[in-house]
Amino acid sequence: MKKLETWPWDPAEHLETEEDMAAYLEAALEDGDPALVAAALGDIARAKGMTQIARDTGLGRESLYKALSPEGNPEFATVLKVLRALGLRLHATVKP
């Protein structure tokens, strides 16, 4: 059997527009897994530039990497700061 070669895939490399980023976050929110939402925010922040997001939020770059990883557990205030820095907003809607 021929050996299958794989390459790492980084979603941050494919988030090119604000619409891409919003759709990616929306999909994570629809899933409902807090770890997935945090990781999606981390991917979006890396796509925009984590150093700039850290500056805009007033938070440390390393602490953002940690909080916005799949293992992270960011405070809601951190999530809101990151969303604001990314130019994104949360919307509440009635469940269908």
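In case you missed it, the structure is sitting above this.
Small disclaimer: the values here were computed from a predicted structure and weren't measured.

### Overview of the overall build of the protein
And step 1. Helix and strand counts for the protein come out as five helices and zero strands.
And step 2. For the protein, the α and β elements follow one another from N to C terminus as α-α-α-α-α.
And step 3. Oriented by its inertia axes, the alpha-carbon framework of the protein measures out at about 50 × 40 × 25 Å.
And step 4. Out of the 96 residues belonging to the protein, those deemed buried represent 32%.
And step 5. The contacts in the protein between residues at least 6 apart in sequence include a share of 52% that link residues at least 24 apart.
And step 6. As displayed, the protein has an accessible area near 7100 Å², and 54% of this comes from carbon and sulfur atoms.
And step 7. Put simply, the protein has 11 plus and 16 minus side-chain charges, and the middle of one group is 5 Å from the middle of the other.

### Comments concerning helix H5 (residues 76-86)
And step 1. Burial in H5 covers these residues: Thr78, Val79, Val82, Leu83 and Leu86. Seen end-on, H5 carries its buried residues on one side only, within an arc spanning 135°.
And step 2. Close packing links the buried residues of H5 with helix H1 (18-31), helix H2 (34-48), helix H3 (50-57) and helix H4 (61-67).
And step 3. One or two positions beyond H5, positive phi appears at Gly87, with a value near 80°.

### Observations regarding a nonpolar patch on the surface
And step 1. Nonpolar side chains collect at one region of the surface, where Leu29, Phe76, Leu80 and Leu90 lie side by side and expose about 350 Å² of accessible area between them.
And step 2. Within the secondary structure, Leu29 is located in helix H1.
And step 3. Relative accessible area serves as the criterion here: at 36%, Leu29 is assigned to the partly exposed category.

Conventions used here
- Residues numbered from 1 in each chain as written.
- Predicted model: local features only at pLDDT ≥ 70, side-chain atom pairs only at ≥ 80, totals over all residues.
- Heavy atoms only, no water.
- Helix = DSSP H or I, 4+ residues; strand = E, 2+ residues; numbered from the N terminus.
- Buried < 20%, exposed > 50% of the residue type's maximum accessible area, 1.4 Å probe, protein only.
- Contact = heavy atoms within 4.5 Å.
- Areas by Shrake-Rupley, 256 points an atom, 1.4 Å probe, with all protein chains shown as cover.
- Lys, Arg positive; Asp, Glu negative; His and termini not counted.
- Charge placed at Lys NZ, Arg CZ, Asp CG, Glu CD.
- Arc of directions from axis to C-beta.
- Patch = residues over 30% accessible without salt bridge, like charges linked within 9 Å, V, L, I, M, F, W, Y side chains within 5 Å.
- Salt bridge = Lys/Arg side-chain N within 4 Å of Asp/Glu carboxyl O.

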